[in-house]
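Architecture and fold: a report
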Amino acid sequence: MITLLQVATDTVNQLTDSAGVAKAVTAAPPELHFIDLLFKGGWVMIPLALLAFAGLVIFVERYITIRKASKSESNLMLQIKQYIHDGRLENAIALCRNTNSPLGRMLEKGLRRIGRPIKDIEAAIENVGKHEVSKLEKNISILGIVAGIAPMLGFVGTIIGVITIFHDVSIKGAIEIGTISGGLYTKMITSATGLIVGIMAYVLYHVLNAMVERIILRMETDALEFIDLLEEPGK
């Protein structure tokens, strides 16, 4: 009898433990991955992803181009001065051509205009400088457009989420967490994504502009130094 009671007690304990484990497993919340979270944003996430990709590609391409254009040319003006003082104009032109940089092309144009009035030389240098700057600034404005459009697309996602909430509530006739959760996901995820993409594009846009401004400043400084060199007595 005692043995039967002990067996029954052990069986009850095992069933209780099994039920507790099953309850714990059932109560465990489902794991939510980052990709799954993004998909809950709806179709608005597609144009946002395209904007983010386009902005990243433009930034990398422009950054590499501007970095190449901003390479150190501290000795260029010194060498050109020496060549001009020695009367070796062709050597100065060849040096600028081999430099293959915005500053080198600008000074090459000025060197080829030596012998003409200073105003003509200044105009030629200025035209080349504007052309080189326009090449450096190519597509940078697209980053500014991305910075403006992305938050607005996020706001569109917010409106869609609110519409979804009211639609689900009107169908079920009750306001419940399960009813409004889908719309809230769309609302919050698209808004956050739009703001993140917009902020990043805004920052990258100003980073590139700052790099271009530094190149422009150096080009203007060297252009003035070059004109001063030509206006020296005996030149």
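**Notes on the confidence of the model for the protein**
Summing up the model confidence of the protein, the mean pLDDT is 75 and the portion of residues at 70 or higher is 68%. Helix H1 (residues 2-27) is the least confidently modelled element of the protein, averaging 45 in pLDDT, while helix H3 (residues 45-69) averages 89, the highest of any element. Counting contacts from residues 1-9, a segment whose pLDDT is below 50, to residues more than four positions away or on other chains yields 0 contacts. Ignoring residues within four places in sequence, the model shows residues 18-28, a span with pLDDT below 50, making 0 contacts including any to other chains.

**Quick look at the pattern of salt bridges**
By the definition in use, this model includes 7 salt bridges. For the salt bridge of Lys81 with Glu225, the shortest nitrogen-to-oxygen distance reads 2.6 Å. Of this pair, Lys81 sits in helix H4 (residues 76-85) while Glu225 sits in helix H9 (residues 177-230), placing them 144 residues apart in sequence. A relative accessible area of 24% places Lys81 in the partly exposed class. Residue classification places Glu225 among the partly exposed positions, given a relative accessible area of 28%.

**Here's the deal with the layout of surface pockets**
The computed volume of the largest pocket comes to approximately 300 Å³. In this structure, the largest pocket is lined by 13 residues; those nearest its centre are Met106, Ile125, Glu126, Glu220 and Ala223. When contributions to the lining of the largest pocket are tallied by element, the ones reaching two or more residues are helix H7 (118-136) and H9.

**Overview of the nonpolar core**
Counting 36 residues, the largest nonpolar core has Ile66, Ile80, Leu107, Leu111 and Phe226 as its most contacted members. Breaking this core down by element, the ones donating at least two residues are H3, H4, helix H5 (89-99), helix H6 (102-112), H7, helix H8 (140-172) and H9. Examining the composition of this core, we find that 12 residues originate from one element, H9, more than from any other. Those residues in contact with Ile66, other than ones at most four positions away along the chain, are Leu136, Ile140, Leu208, Met211, Val212 and Ile215. Counting residues in each nonpolar core, the second largest holds 11 residues, with Val44, Val146, Ala150 and Ala201 among its members.

What counts, and where the lines are drawn
Residues numbered from 1 in each chain as written. Predicted model: local features only at pLDDT ≥ 70, side-chain atom pairs only at ≥ 80, totals over all residues. Heavy atoms only, no water. pLDDT = per-residue confidence, 0-100. Helix = DSSP H or I, 4+ residues; strand = E, 2+ residues; numbered from the N terminus. Contact = heavy atoms within 4.5 Å. Salt bridge = Lys/Arg side-chain N within 4 Å of Asp/Glu carboxyl O. Buried < 20%, exposed > 50% of the residue type's maximum accessible area, 1.4 Å probe, protein only. 1 Å grid on protein atoms, 1.4 Å probe; cavity = no way out; pocket = protein on both sides within 12 Å on 5 of 7 lines; lining within 4 Å. Points joined across faces, edges and corners; volume = space filled by probe spheres on them. Core = buried A, V, L, I, M, F, W, Y, C linked by side-chain atoms within 4.5 Å.

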